[in-house]
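Residue-level listing of the chains:
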Amino acid sequence: MSENPGTNLYLPFMATIQEVVRETQNIKTFRVTLNDPEQMRNFRFAPGQVGQLSVFGVGESTFVINSPPTRMEYLQFSVMRVGELTTRLHKLRKGDQIGVRAPLGNSFPFEDMKGKNVVFVGGGIGMAPLRTLLLYMLDNRTDYGDITLLYGARSPSDMAFSYELPDWLARKDMSTVLTVDNGTPDWAHKVGLIPNVLKEMNPSPENSVAVTCGPPIMIKFTIQALHALGFQDEQIITTLEKRMKCGVGICGRCNIGSKYVCQDGPVFTYAQLRELPNEL
Amino acid sequence: MGAARCIKKDALLTWLEEVGKSRLVLAPRAQGKSTAFLPFDPAKGISLSGLATSSPKQALIPRHEALLEFRYTKTDQVPAQTGLAVRELIPNQPTLVFGARPCDARGFTVLDRVYDAGAKRDVYYCARRDKTIVATVACTEPADTCFCNRVGGGPGDSAGSDILVTELDQLYVLEAVTQRGEAFLLEQKLPDATELADKAQAARAAVRAAMPEGDSLLGAPDKVGALFDEMPFWDGVAAKCLSCGACSYLCPTCYCFNITDESKGGQGVRVRTWDNCMSFQFTLEGSGHNPRATKSQRMRNRVGHKFCYYPTLHDGALSCVGCGRCIAHCPVSMDIRRIVSKALTYEKAAKEHSNV
Ligand SMILES: Cc1cc2nc3c(=O)[nH]c(=O)nc-3n(C[C@H](O)[C@H](O)[C@H](O)COP(=O)(O)OP(=O)(O)OC[C@H]3O[C@@H](n4cnc5c(N)ncnc54)[C@H](O)[C@@H]3O)c2cc1C
Ligand code: SF4
Ligand code: FES
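Now for a quick tour of the structure. (Residues numbered from 1 in each chain as written. Chains lettered and ligands numbered in written order. Predicted model: local features only at pLDDT ≥ 70, side-chain atom pairs only at ≥ 80, totals over all residues. Heavy atoms only, no water.)

With that settled, consider the overall build of chain A. When you go through chain A residue by residue, the secondary structure sums to eight helices and 15 strands. Taken over the C-alpha atoms alone, chain A extends approximately 55 × 45 × 35 Å along its principal axes. Relative to its 280 residues, chain A shows a buried fraction of 60%. At a minimum sequence separation of 6, the contacts of chain A that also span at least 24 residues come to 67%. Carbon and sulfur atoms make up 48% of the accessible area of chain A, which amounts to about 11400 Å² in all. With 28 positive and 28 negative side-chain charges, chain A shows a separation of 5 Å between the mean positions of the two kinds. (Helix = DSSP H or I, 4+ residues; strand = E, 2+ residues; numbered from the N terminus. Buried < 20%, exposed > 50% of the residue type's maximum accessible area, 1.4 Å probe, protein only. Contact = heavy atoms within 4.5 Å. Areas by Shrake-Rupley, 256 points an atom, 1.4 Å probe, with all protein chains shown as cover. Lys, Arg positive; Asp, Glu negative; His and termini not counted. Charge placed at Lys NZ, Arg CZ, Asp CG, Glu CD.)

Listed below in structure tokens is the structure:
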């Protein structure tokens, strides 16, 4: 039969790691290309969609494609080392072979967001899903209103994508605020928890959408802050993490009631989240 | 129904042996205290008395199934690069499942909706389904744990079967249900039994009529869904559960699976194995967070999936087929009928209570 990913839901594309970037002491970024040039050329995805990365012999895990669909030289995944598979991934080098099952899941409502002001609030590795949407919007800049980014991490050395931050800070077509929980003497930006800094920034909810991702506790307080600023549930977008296996709505692993995070998610508005059974 | 053939009861084993020459035959066989669907062995016979302990779902979703095979290689470049070859292992084994019961076969329809969902086809499941003939034996003596008739089925139903087998005195009447069943039946050297079809139908109807009615559970989805946040209800029904998962392993419709790699040296297989939502590990995340950390939450998911979530996604069809295996074999006698019946009346009871 198939030998063709797409026909066989479990057969990954074979891919090669083109570049490994050490982001922080526990996050590495992998830039990968699909081995078959035809597959690479035809690969389509939307910002927010995820992939299952395979290290054969270890298994698969879920990571968001954090490069934007407007830049297709490679697909980028940033991986925080937390357990078995992520530890093995961190040992891989340029030229190593992995499997990629992608794209999976839904995406950010980037069409509906056209014409709106967008406030990104990212914490730690939670910046990864925001990055794909942010770059997509910067590459289609005229489609969107004001773009604001608040990105926080525990300490300056925990900031991923540090090589991009100078550009983001310098750009005239977006405004960027960086914050850390614990500063260092040479840290020139904010020190403070993300929700507090967000309140200080005081973005207007008028014609705006906020997109937030990060550790659960940060998301919780960020949403409270957004509410305090006057954002409605429909104006708040976040992503859910659930343990996933098949990624295609079959294995029954990732359900919240009758919704499957791998298919109906990972992106939800806060209004949608409130409709879900309380089993996060 | 389509073509009808018959076979004398005492010729059944010979016929199965004959069929076994060209396909794998899985049939219930007694093993100690339990009965399981095993490769047919004429010397060991088959056991058609009542429902087998385990369900025949393993014919379509094996407990352990290799999906892909992989092998790392070294290229002769300098410095050597690691190459990787991955191959699909698509099953290609013609099979006859003989002796499933109507609830088991209905279980296959539950799996079909998940694994063969239009554009989203699980090639492994579909390859097996396409090559498998399900010959279901209509029940004559429903057990007191049986409740197929309360969840949309019945002891003589043909849904999910390719062939329906009805006992008539010293005969089995085999009737084709699907084209796949018809094609198979026409290949067999068995006498025509078209004139027995009415009698077979009457026999099945008589068994159905004799089965105690019991309240229908088809209205459960709304009620079970509405109880999601009613934790005292779930704490109550799950109190004695051991989280052993026997209910789920024996269930003909529990289909959740895990995917893991097994390797040795530079090669191995990616396998899928039955998983079990009654286990704490099922939803445990790397951070230590577990959305279903308590057995009440897990019981809620198991009952919720069968009586609310699945029906929500599949036009009201329950994913419980009423075989009663989970009732008969639970070490602490959990009874899913009672849980759902309780859910159906719970709100009312609570209201009456608050009126006092
Ligand atoms: C939609 C989605 C997008 C994600 N995007 C990213 C990303 O861009 N970067 C990143 O670093 N991480 C991301 N994660 C989390 C990442 O999938 C887990 O950290 C990873 O699976 C842990 O694997 P492990 O084998 O190293 O951990 P172990 O703890 O050894 O894993 C054991 C098992 O649990 C599963 N698992 C453990 N923790 C999680 C978790 N939090 N979420 C899902 N499954 C888990 C693993 O798949 C594995 O099957 C994402 C998760 C989801 C669901
Ligand atoms: S078989 Fe009984 S004790 Fe075991 S998990 Fe199921 S309900 Fe609980
Ligand atoms: S990961 Fe398998 S159903 Fe969502």
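This paragraph deals with the site of ligand 2. Near ligand 2 you find 13 residues, and of these Cys-241, Cys-244, Gly-245, Cys-247 and Cys-330 of chain B are the closest. Class assignment for the residues of the shell around ligand 2 results in eleven nonpolar, two polar and no charged. (Near = heavy atom within 4 Å. Nonpolar A, V, L, I, M, F, W, Y, C, P; charged D, E, K, R; others polar.)

Turning next to the nonpolar core. By size, the foremost hydrophobic cluster in this structure holds 89 residues, and its most contacted members are Phe-120 and Val-211 of chain A. Broken down by element, the residue count for this core peaks at nine residues, all from helix H3 (residues 127-139) of chain A. Dropping the residues within four chain positions of it, Phe-120 of chain A is found in contact with Leu-130, Leu-133, Leu-134, Met-137, Ile-147, Thr-148, Leu-149, Leu-150 and Val-211 of chain A. Counting 33 residues, the second largest nonpolar core, distinct from the first, contains Val-224, Phe-307, Cys-326 and Ala-343 of chain B. (Core = buried A, V, L, I, M, F, W, Y, C linked by side-chain atoms within 4.5 Å.)

Turning our attention to the sheet that holds strand E10 (residues 163-168) of chain B. Residue and element names in this part refer to chain B. Taken in spatial order, the seven strands make up an open sheet running E1-E11-E10-E9-E6-E2-E3, and their pairing is mixed. Edge positions in the sheet fall to strand E1 (4-8) and strand E3 (34-39), since each of these pairs with one other strand and no more. The average undirected angle you get between the axes of adjacent strands in this sheet is 25°. The sheet contacts of helix H2 (residues 102-115) involve E3, strand E6 (95-100) and strand E9 (132-137), and relative to E9 the element is tilted by about 145°. Packing of helix H5 (residues 197-210) onto the sheet brings it into contact with E10 and strand E11 (171-176), and relative to E10 it is tilted by some 85°. (Pairing = 2+ DSSP bridges. Axes fitted to C-alpha atoms, helices over the stretch in contact; angles between N-to-C directions.)

Looking now at the interface of chain A and chain B. At the interface, 40 residues of chain A touch 47 residues of chain B. For the pair chain A and chain B, the summed buried surface comes to about 3600 Å²; carbon and sulfur atoms form 53% of the total. Applying the counting criterion to the chain A and chain B interface returns four salt bridges. The salt bridge partner of Arg-300 of chain B is Glu-279 of chain A, with a shortest N-O separation of 3.3 Å. The interface formed by chain A and chain B holds 23 residue pairs in polar contact (both at pLDDT 80 or more) in total. Counting residues per element, the ones that place at least two in the side of chain A that touches chain B are strand E3 (50-55) and strand E4 (59-64) of chain A. Grouping the constituent residues of the side of chain A that touches chain B by class yields 16 nonpolar, 16 polar and eight charged. (Buried area = accessible area lost by both parts, 1.4 Å probe. Salt bridge = Lys/Arg side-chain N within 4 Å of Asp/Glu carboxyl O. Polar contact = N/O pair within 3.5 Å; in protein donor to acceptor, adjacent residues only side chain to side chain.)

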